[in-house]
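Observations on the model geometry
Residues per chain are reported as follows:
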Amino acid sequence: MSASERSAGPPQASSHPLGGSASVPAGRGAPSSPCTNVCRIHAKTGWCEGCARTIDEIVVWSNAPDTLKQQILDSLPARREILVEQHAVFTAAVHHDMP
């Protein structure tokens, strides 16, 4: 084992199957993934029924700059409201520490 491997710390949890990383703590000040592990894309909206992100947003999340992550997070409450009120997707109502 090299010195860099020893100082790297324990391995991170694996990423979410659709590209999110809810089980991996974000760095200092970095927005956390909104993934709720309910990964179904709603046919009419194209949004995940769990986190309300699009497939493109889910895929880009792990490499996105914090500013883009925050823009995505800012769009989610309105999307969740639409999923719940207009499409009766109640898993979208379950979210954590979101504005």
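In this report, the structure presented in the accompanying data block is examined. (Residues numbered from 1 in each chain as written. Predicted model: local features only at pLDDT ≥ 70, side-chain atom pairs only at ≥ 80, totals over all residues. Heavy atoms only, no water.)

Considering the overall build of the protein chain
Counting its regular elements, the protein chain contains 3 helices and 0 strands. Starting at the N terminus, the α and β elements of the protein chain follow one another as α-α-α. When each of the 99 residues of the protein chain is scored for burial, the buried share is 31%. In the protein chain, the share of contacts with a sequence separation of at least 24, taken over all contacts with a separation of at least 6, comes to 48%. Accessible surface computed for the protein chain: about 6,200 Å², of which carbon and sulfur atoms make up 55%. (Helix = DSSP H or I, 4+ residues; strand = E, 2+ residues; numbered from the N terminus. Buried < 20%, exposed > 50% of the residue type's maximum accessible area, 1.4 Å probe, protein only. Contact = heavy atoms within 4.5 Å. Areas by Shrake-Rupley, 256 points an atom, 1.4 Å probe, with all protein chains shown as cover.)

Structural notes on the packing of aromatic side chains
On inspection of all chains with the given rule, the structure shows 0 aromatic pairs. Its end group placed over the ring of tryptophan 61, arginine 53 keeps NZ or CZ at 5.2 Å from the ring centre. (Phe/Tyr/Trp six-rings, centres within 6.5 Å; stacked < 30°, edge-to-face > 60°. Lys NZ or Arg CZ within 6 Å of the ring centre and 35° of its normal.)

Considerations on the side chain of lysine 69
Among the structural elements, lysine 69 can be located in helix H3 (residues 66–87). If near-sequence neighbours (up to four positions away) are discounted, lysine 69 is found in contact with Pro31, Trp61 and Ala64.

Regarding a nonpolar patch on the surface
A cluster of nonpolar side chains, namely Ile41, Ile55 and Val59, defines an oily patch on the protein surface of about 260 Å² accessible area. Examined against the element boundaries, valine 59 turns out to sit in helix H2 (residues 55–60). (Patch = residues over 30% accessible without salt bridge, like charges linked within 9 Å, V, L, I, M, F, W, Y side chains within 5 Å. Salt bridge = Lys/Arg side-chain N within 4 Å of Asp/Glu carboxyl O.)

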